[in-house]
Amino acid sequence: MNTEDRFSILWTDYLEGELDETRLAELRELLASDPHLVELAADSLRTHRLLGMAESERHWQQDAFVADTMAKLPVGDEEFVDEVMHRLPCRPPQTERTWILKPKVLRLAVVAAAAIFVAAVLIYRVTPGPRTIARVTAVSGSVEWTADGGRVRTDLKIGTPIHGGVLETLTHDSWVECAFLDGTKVSFSGYSAVTLSEHKRQKVLHLREGNMFADVNPQPENRPMRVITRTAEAEVLGTKFQVACEQQSTSLRVKEGLVRVRRLADGSTSEVPADHVIVAALEQETEFAPRPHKEFATTWKASVRCDIGYGELRHAAEGRPASVHAKPLLWRGDDGKQEPRLLYITVLNTGTAAPILEADSIIRVRGRLREDALVVFGFTANHSQGGFAGKYSHVKKHMKATRGEECFEVDIPLRGFGRDMGLEHYPESPVGLELHQCWILTLNRGYGLDIENVELQNRDQRTKERKIL
Amino acid sequence: MDTMRHRRTTDDTVVDEAVERVQRGETAPFEVVVRRYERPLRAWLAVQAPPGIDVEEIAQRSFVAAYGRLHDYKVGTNFGAWLFTIARYQLKTETTRLRRIADYHARYELNLLEHEQERRLDEPPEHQVMRLDHLQTCLESLGAHVRRFVTWRYDECIPLDEMAERSQRSVAAVKKQLWKLRRKLHDCIEGRMAAEGSLS
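Residues numbered from 1 in each chain as written. Chains lettered and ligands numbered in written order. Predicted model: local features only at pLDDT ≥ 70, side-chain atom pairs only at ≥ 80, totals over all residues. Heavy atoms only, no water.

## Examining the overall build of chain B
When you go through chain B residue by residue, the secondary structure sums to 10 helices and zero strands. Counting from the amino terminus, helix and strand elements in chain B follow one another as α-α-α-α-α-α-α-α-α-α. Within chain B, buried positions represent 47% of all 200 residues. Accessible surface computed for chain B: about 10300 Å², of which carbon and sulfur atoms make up 50%. (Helix = DSSP H or I, 4+ residues; strand = E, 2+ residues; numbered from the N terminus. Buried < 20%, exposed > 50% of the residue type's maximum accessible area, 1.4 Å probe, protein only. Areas by Shrake-Rupley, 256 points an atom, 1.4 Å probe, with all protein chains shown as cover.)

## Overview of the state of the cysteines
All names here are of chain B. A complete count under the given rule lists one disulfide over all chains for this structure. Two residues, Cys-138 and Cys-188, share a disulfide whose sulfurs are 2.0 Å apart. On the sign convention where negative means left-handed, the S-S torsion of about -90° between Cys-138 and Cys-188 marks this disulfide as left-handed. Of this pair, Cys-138 sits in helix H7 (residues 126-140) while Cys-188 sits in helix H10 (residues 171-199); the two residues are 50 residues apart in sequence, bridging distant segments of the chain. The class for Cys-188 is partly exposed, based on a relative accessible area of 24%. (Disulfide = S-S within 2.5 Å.)

## Details of the environment of Ser-189 of chain A
Residues and elements named next belong to chain A. By secondary structure assignment, the location of Ser-189 is in strand S7 (residues 185-199). Those residues in contact with Ser-189 that lie beyond four places of it in its chain are Thr-169, Ser-174, Trp-175, Asn-211 and His-436. In this structure the side chain of Ser-189 is engaged in a polar contact, spanning 2.9 Å, whose partner is the side chain of His-436. (Contact = heavy atoms within 4.5 Å. Polar contact = N/O pair within 3.5 Å; in protein donor to acceptor, adjacent residues only side chain to side chain.)

## Focus: the interface of chain A and chain B
The partner chain B presents 57 residues to the 51 residues of chain A that form the contact. Interface area for chain A against chain B, summed over the two sides, is near 5300 Å², with a carbon-plus-sulfur share of 61%. One can count seven salt bridges joining chain A with chain B. Residues Arg-182 of chain B and Glu-16 of chain A are paired through a salt bridge, measuring 3.9 Å at the closest nitrogen-oxygen approach. Where chain A packs against chain B, one counts 11 residue pairs in polar contact (both at pLDDT 80 or more). Contributing elements (two or more residues each) for the side of chain A that touches chain B: helix H1 (3-16), helix H2 (21-33), helix H3 (35-56) and helix H4 (62-72) of chain A. Residue contributions to the side of chain A that touches chain B peak at 18 residues, all from H3 of chain A. Tallied by class, the residues present in the side of chain A that touches chain B amount to 24 nonpolar, nine polar and 18 charged. (Buried area = accessible area lost by both parts, 1.4 Å probe. Salt bridge = Lys/Arg side-chain N within 4 Å of Asp/Glu carboxyl O. Nonpolar A, V, L, I, M, F, W, Y, C, P; charged D, E, K, R; others polar.)

## Topic: empty space enclosed by the protein
Here the idea is plain: a probe the size of a water molecule rolls over the atoms and shows the empty space left. All names here are of chain A. One pass over the full model with this rule turns up four cavities of 30 Å³ or more. In terms of lining, the largest cavity is formed by 20 residues, of which the most central are Ser-189, Met-212, Phe-213, Gln-242 and Asn-382. Tallied by class, residues from the lining of the largest cavity come to seven nonpolar, 11 polar and two charged. Looking at the second largest cavity, its volume works out to about 70 Å³. Lining of the second largest cavity is provided by Val-227, Thr-229, Ala-232, Glu-233, Ala-234, Val-243, Thr-250, Ser-251, Leu-252, Val-261, Ile-278 and Ala-280. (1 Å grid on protein atoms, 1.4 Å probe; cavity = no way out; pocket = protein on both sides within 12 Å on 5 of 7 lines; lining within 4 Å. Points joined across faces, edges and corners; volume = space filled by probe spheres on them.)

## Quick look at the environment of Glu-57 of chain B
Residues and elements named next belong to chain B. Among the secondary structure elements, Glu-57 is positioned in helix H3 (residues 55-68). A relative accessible area of 31% places Glu-57 in the partly exposed class. Sequence separation between Glu-57 and Arg-42 is 15 residues, and the spatial gap between their C-alpha atoms is 9.7 Å.

## A look at unusual backbone geometry
Residue and element names in this part refer to chain A. You will see that Asn-444, though not glycine, has its phi angle at about 65°, which is positive. Among the structural elements, Asn-444 can be located in the loop between strand S28 (434-443) and strand S29 (450-457). Unlike most non-glycine residues, Tyr-447 shows phi in positive territory, near 55°. Turning to its location among the elements, Tyr-447 is positioned in the loop between S28 and S29.

## Some words on the packing of H3 of chain A against helix H2 (residues 30-48) of chain B
Relative to each other, H3 of chain A and H2 of chain B sit at 145°, their axes nearing to 8 Å. Taken as a pair, H3 of chain A and H2 of chain B cross one another with a handedness that is right-handed. Together, Arg-46, Arg-49, Leu-50 and Met-53 of chain A of H3 of chain A and Arg-39, Arg-42, Ala-43, Leu-45, Ala-46 and Val-47 of chain B of H2 of chain B make up the contact between the two elements. Looking at the contact of H3 of chain A with H2 of chain B residue by residue, the classes come out as six nonpolar, no polar and four charged. (Axes fitted to C-alpha atoms, helices over the stretch in contact; angles between N-to-C directions. Left-handed = near helix turned anticlockwise from the far one by under 90°.)

## As for the confidence of the model for chain A
All names here are of chain A. In this model, chain A carries a mean pLDDT of 80, and residues with pLDDT of at least 70 account for 83%. At the low end of the mean pLDDT range in chain A sits helix H5 (residues 77-87), at 46; at the high end sits strand S23 (residues 362-368), at 94. This stretch, residues 77-101, has a pLDDT under 50; its non-local contacts, to residues over four places away or in other chains, come to 20 contacts. Counting interchain partners and residues more than four positions distant, the pLDDT-below-50 stretch residues 122-128 has six contacts. (pLDDT = per-residue confidence, 0-100.)

## Considering the pairing of S23 of chain A
Residue and element names in this part refer to chain A. Counting buried positions along S23 gives six out of seven residues, so the element sits mostly inside the fold. Strand direction decides the pairing type here: S23 and strand S26 (residues 408-413), joined by six bridges, are antiparallel. Considered in S26, the bridge of Arg-366 is made with Glu-409. Bridge count between S23 and S29: seven bridges; the pairing is antiparallel. Counted as the bridge partner of Arg-364 is Glu-455 from S29. (Pairing = 2+ DSSP bridges.)

## Things to note about the pairing of strand S5 (residues 165-169) of chain A
Residues and elements named next belong to chain A. Counting buried residues in S5 gives four out of five residues, a clear majority hidden from the surface. Bridge analysis of strand S2 (residues 143-147) against S5 gives five bridges, and the strand direction is antiparallel. Each residue of the ladder has a partner; that of Trp-145, found in S5, is Leu-167. As paired elements, S5 and S7 share five bridges and run antiparallel to each other. Along S7, the bridge assignment pairs Glu-168 with Ala-193.

## A closer look at H3 of chain B
Taking 1.5 Å as the rise per residue, H3 of chain B with 14 residues should run 20 Å; its terminal C-alpha atoms sit 20 Å apart, in good agreement. Between the side-chain oxygen at the start of H3 of chain B and the backbone nitrogen of Glu-56 of chain B there is a gap of 3.2 Å, and the oxygen is on Asp-54 of chain B. (Expected span 1.5 Å × (residues − 1).)

## Focus on the packing of aromatic side chains
Evaluation of the coordinates by the stated rule reveals 15 aromatic pairs over all chains. With centroids separated by 5.7 Å and ring planes inclined at 85°, the aromatic side chains of Phe-7 of chain A and Trp-179 of chain B adopt a geometry described as edge-to-face. Taken as a pair, Phe-7 of chain A in helix H1 and Trp-179 of chain B in helix H10 lie in two separate chains rather than in one. Here Phe-7 of chain A falls in the buried class, since its relative accessible area comes to 0%. Taken together, a centroid distance of 4.9 Å and an interplanar angle of 70° make the contact between Phe-379 of chain A and Phe-417 of chain A edge-to-face. On the criterion of sequence distance, the pair formed by Phe-379 of chain A in strand S24 (residues 373-382) and Phe-417 of chain A in the loop between S26 and strand S27 (418-419) is long-range, its members being 38 residues apart. Judged by relative accessible area, Phe-379 of chain A falls into the buried class, the value being 0%. Grouped by ring-pair contacts, the aromatic residues Phe-7, Trp-11 and Tyr-14 of chain A together with Trp-179 of chain B constitute a single cluster. The lysine or arginine in question, Lys-327 of chain A, covers the ring of Tyr-310 of chain A, its NZ or CZ lying 5.1 Å from the ring centre. Over the aromatic face of Tyr-37 of chain B sits the side chain of Arg-36 of chain B, whose NZ or CZ is 4.4 Å from the ring centroid. (Phe/Tyr/Trp six-rings, centres within 6.5 Å; stacked < 30°, edge-to-face > 60°. Lys NZ or Arg CZ within 6 Å of the ring centre and 35° of its normal.)

Below, the structure is given as structure tokens:
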């Protein structure tokens, strides 16, 4: 074997990272003995690098690189001051007392304040900031973010950078959407808690509970986005899907693409194609296979035991079916800044069933009420491609109390619902949207509100019902 | 990196406008700069960086450093040259850091090769983007039986023994094939560079 042949083998092994110390020493000797080999090596390394770049260009995500770079730029003045203010202790409540400062004291106060500010600035500048992995793109209701350092923020707004940590939506009607730097969007609604992280471009989401919708852009090869719940783990390379996570089971509905799901109870895996749903429960004897989802399901009937989103579950007893009793909730408005109001509320989630609302849909609610009361019937709707769309409500000012085992049953046509609180940023009509959750509430007191059943009916179902009757 | 020889283009004007806005306190226009220079910068770094360096990381650091010193840049001169000077320092800093790590010596360091790379640092950065474009053309001229080795090695990143299995050759033959392939592509690229140089 001549020198160049030997060199070509050693050099290829070097580029492949397969050279041990002895042969690395041999390669060094060869390079030292012949300047032509050094040039050959430099040429080969250059071509090798360009080939790596040329082949990776097909998968190169310029948007992700640009967004990631922009996120690493030092923050602007406004954001910087905001951050500094967050790092300072809270101001004590203001009192009516008026302070009159003497000029000398005032000067000292100014100097002290300036020193504190400079110190805060220095601390901020010296401490390396955490890396932004996503930004809030929409938010509604009470949402809380606990960053890695344990700092809690409740003032999330559009554009707030997320550096990883725990994101929680705290009420049945709260909702938040975040966009990762590669454009992948995830949203959480209802009572949800998720830990977000991203390392070397691999996104990992631990969904402890709640509802999530994800529109995932193509992920780097070998770095799929992972969504981990109590009972399942999903790996995603680029798709749209919806997850509903509960204590005992996780249901996952795929809208586009393919998702690989592993049931944690026994490690079995299944691939879920578009328009299919899979349920991963803790009980291993339950079915773990994708089932087709009727894309345009227009009916739904709640199973109060499984679909309860908020309220107190009352198990079936003495001939009475299971029901959800309204529980108190302090509501602070969509923006979390309004005067708190005491509500007694029951929420039922449609989970991955997500039926479509039609112009002639009706919502039927069956329940009990111990006293006459004003009752608000409402629902939250999502866009069919994911993400919160709006809330709609119908108020019955004088609902009569029911007696004993007697139940009320109200049928409310879809056109009877208006935009909740008159908020104009919700679509004017919910027709075509997906029913996400139904809620029934009373104000200030509970009035013994107890819900046995909620149903979404379409025209065919009612025609059939009438024929049977 | 000679600013005197630099002929201004529409691209330069767009970049300078963005830079001026950033100098006035905006952040968002810096995106124009990143989009304009990310490919040439990565291509330049890919070629110049010694083994073991994360090229994307250095590219990002260079942009962040440029943003931090943007007030030093004189609008109307050559932003690209200014950015590449910063990138060169970033690369040098990272290389120095790596050299201080014992593991680096054992795994990668080939002093003579690095000296040769440093000698080539004076090449205009835009040459690497030209090389990258020529490479695409050269790749198209390869036969499918040879082209597949490029896909396996650089796109699918499969190990040599699997390449040997797929092609029903020995591992040694695969190594030889890769060596020859790189040389052939190098000759093709440099031939095109020379032709372009003589034409201009």
